[in-house]
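# Observations on the model geometry
Residues per chain are reported as follows:
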Amino acid sequence: MQLIDTHVHLNFENFAPDLDQVAEQWRSAGVVRLVHSCVEPAEFDSIRAIADRFPELSFAVGLHPLDVEKWTPQSAQQILQLAQSDRRVVAIGELGLDFFKSDRQALQEAVFWEQLLIAHQLSLPVIIHCRDAAARMAECLREFKSQHGSIQGVMHCWSGTPEETQWFLDLGFYISFSGIVTFKKAEAVQAAAQMVPSDRLLIETDCPFLAPVPKRGESRNQPAYVRYVAEQVAKLRGMPLEEVATQTTSNACRLFGLSLPAD
């Protein structure tokens with residue numbers, strides 16, 4: 001069984017002491033590919049260094065909505081150049097809107113739009129962070145589509161309702177579920193996981209955050225735990241685990257242009 005963790009942050013300090021062991025664990029769990037997200041362009045060198053160590057790692061470049069104060073007139077060109085600098089860059093992100101922790105909504109929207117333009121120019125998918133902003137996010141993506149054409153991507157670490165989920169499915173996006181889907185009170189997320197078409201379904205850890213049940217008490221999530229996300233999605237959908245693994249792996253390969261290792 002092959003799994004792909006479509007959203008990790010392995011360059012965080014709490015992975016530094018034992019990353020080789022963490023890699024052994026994800027390989028033992030059947031994780032054959034990982035997509036490393038990027039919070040800000042300054043992370044690029046550290047992410048690339050990790051990808052040099054672990055060939056199963058691909059990565060993105062972008063600016064997180066909670067870091068928009070770091071945006072400068074040169075940022076768009078910097079992201080564009082970094083994305084073109086390494087064939088292992090498979091997406092722009094993570095970008096998006098987060099109205100839960102920030103009141104800088106206008107700046108977030110402007111920076112989000114600039115990064116959508118980069119992704120469109122490079123024909124790369126986007127990795128979207130969306131928290132307490134689903135309605136405005138959908139509006140922005142519809143506006144972008146009407147002005148520039150369709151763009152592909154994933155709503156990562158999805159925590160929206162089935163109604164909100166449908167907005168992004170209608171826009172052609174993939175929906176990625178994290179450890180949140182294993183949480184007892186995450187009923188809306190679990191309902192969304194049941195309704196997403198099989199060919200738009202992805203799984204992730206968003207590690208080191210959001211460790212899934214039964215590892216929720218641990219202070220650090222890790223890629224090996226994406227198997228627990230897959231197990232919960234399979235349970236919710238009434239499908240064999242192997243079928244969910246096969247489908248989500250195929251979807252990740254299609255969205256991010258990944259290839260699987262030979263047996």
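Notes on the structure follow. (Residues numbered from 1 in each chain as written. Predicted model: local features only at pLDDT ≥ 70, side-chain atom pairs only at ≥ 80, totals over all residues. Heavy atoms only, no water.)

What the protein chain contains, in helices and strands, is nine helices and eight strands. Relative to the compact-globule value of 18 Å for 263 residues, the protein chain shows a C-alpha radius of gyration of 17 Å, a close match. Across its three principal axes, the protein chain shows a C-alpha extent of roughly 45 × 40 × 35 Å. The burial tally for the protein chain puts 57% of its 263 residues in the buried class. Summarising the internal contacts of the protein chain: among those between residues at least 6 apart in sequence, 73% fall at separations of at least 24. Summed over its atoms, the accessible surface of the protein chain is roughly 11200 Å², and 47% of this surface lies on carbon and sulfur atoms. (Helix = DSSP H or I, 4+ residues; strand = E, 2+ residues; numbered from the N terminus. Rg over C-alpha atoms; globule rule 2.2 N^0.38 Å. Buried < 20%, exposed > 50% of the residue type's maximum accessible area, 1.4 Å probe, protein only. Contact = heavy atoms within 4.5 Å. Areas by Shrake-Rupley, 256 points an atom, 1.4 Å probe, with all protein chains shown as cover.)

Turning our eyes to something else, we now look at the pairing of strand E1 (residues 3-8). Of all six residues in E1, six are buried, a share of seventy percent or more. Judged from the four bridges that link them, E1 and strand E2 (residues 31-36) form a sheet pairing that is parallel. If you follow Val8 over to E2, its bridge partner there is His36. Once the chain exits E1 it traverses helix H1 (residues 19-28) before rejoining the sheet at E2, and the crossover so formed is right-handed. (Pairing = 2+ DSSP bridges. Right-handed = clockwise from strand over helix to strand, strands pointing away.)

A few words now on the pattern of salt bridges. Summed over the entire model, instances satisfying the criterion amount to 13 salt bridges. Between Arg88 and Asp86 there is a salt bridge, and its shortest N-O distance comes to 2.8 Å. Accessibility classification places Arg88 together with Asp86 in one group, the buried group. The salt bridge partner of Arg136 is Glu139, with a shortest N-O separation of 2.9 Å. Pair noted here: Arg136 and Glu139 are both in helix H5 (residues 134-148), with a separation of three residues, about one helical turn. In this structure Arg136 comes out as partly exposed when scored by relative accessible area, which is 23%. By relative accessible area, Glu139 is classed as partly exposed at 36%. (Salt bridge = Lys/Arg side-chain N within 4 Å of Asp/Glu carboxyl O.)

Okay, the nonpolar core next. Counting residues in hydrophobic clusters, the biggest one holds 78 residues, and the most contacted among them are Trp26, Phe168 and Phe177. Not counting residues up to four positions away in its chain, the partners in contact with Phe177 are Trp158, Val189, Ala192, Ala193, Val196, Leu201, Leu202, Ile203, Glu204 and Val229. (Core = buried A, V, L, I, M, F, W, Y, C linked by side-chain atoms within 4.5 Å.)

On to the sheet that holds E2, then. Taken together, the eight strands give an open sheet; going across it, the order is E1-E2-E3-E4-E5-E6-E7-E8, and neighbouring strands pair in parallel fashion. In this open sheet, the two edge strands, each paired with only one partner strand, are E1 and strand E8 (201-203). The mean inter-strand angle of the sheet, taken between neighbouring strand axes irrespective of direction, is 30°. As paired elements, strand E7 (residues 174-177) and E8 share three bridges and run parallel to each other. In the strand pairing of E8, Phe177 is matched with Ile203. The strands touched by helix H8 (residues 226-237) within the sheet are E1, E2, E7 and E8, with E8 carrying the most contacts at an inclination of about 145°. (Axes fitted to C-alpha atoms, helices over the stretch in contact; angles between N-to-C directions.)

It is worth spelling out the environment of Ala51 at this point. Inspection of the secondary structure assignment puts Ala51 in helix H2 (residues 44-53). Residues Ala51 and Leu10, 41 residues apart in the sequence, show an inter-C-alpha distance of 9.9 Å. Aside from chain neighbours lying at most four places away, what touches Ala51 is Leu57, Phe59 and Arg88.

The next point concerns the packing of helix H3 (residues 75-85) against helix H4 (residues 105-122). Think of two packed helices as two axes; the pair is described by the angle between the axes and how far apart they sit. Orientation of H3 relative to H4, taken along the N-to-C sense of each, is 30°, at an axis distance of 10 Å. Viewed along their axes, H3 and H4 form a crossing whose handedness is right-handed. On H4, the residues touching Ala76, Ile79, Leu80, Ala83 and Gln84 of H3 are Glu114, Gln115, Ile118, Gln121 and Leu122. Classifying every residue of the contact of H3 with H4 by side-chain character gives six nonpolar, three polar and one charged. (Left-handed = near helix turned anticlockwise from the far one by under 90°. Nonpolar A, V, L, I, M, F, W, Y, C, P; charged D, E, K, R; others polar.)

Turning to the side chain of Glu56, a few remarks are in order. Its place among the elements puts Glu56 in the loop between H2 and strand E3 (57-61). Taking the relative accessible area as the measure of exposure, Glu56 reaches 7% and is therefore buried. A distance of 2.9 Å separates polar atoms of two side chains, one belonging to Glu56 and the other to Trp26. Polar side-chain contacts of Glu56 include one of 2.6 Å to the side chain of Arg27. (Polar contact = N/O pair within 3.5 Å; in protein donor to acceptor, adjacent residues only side chain to side chain.)

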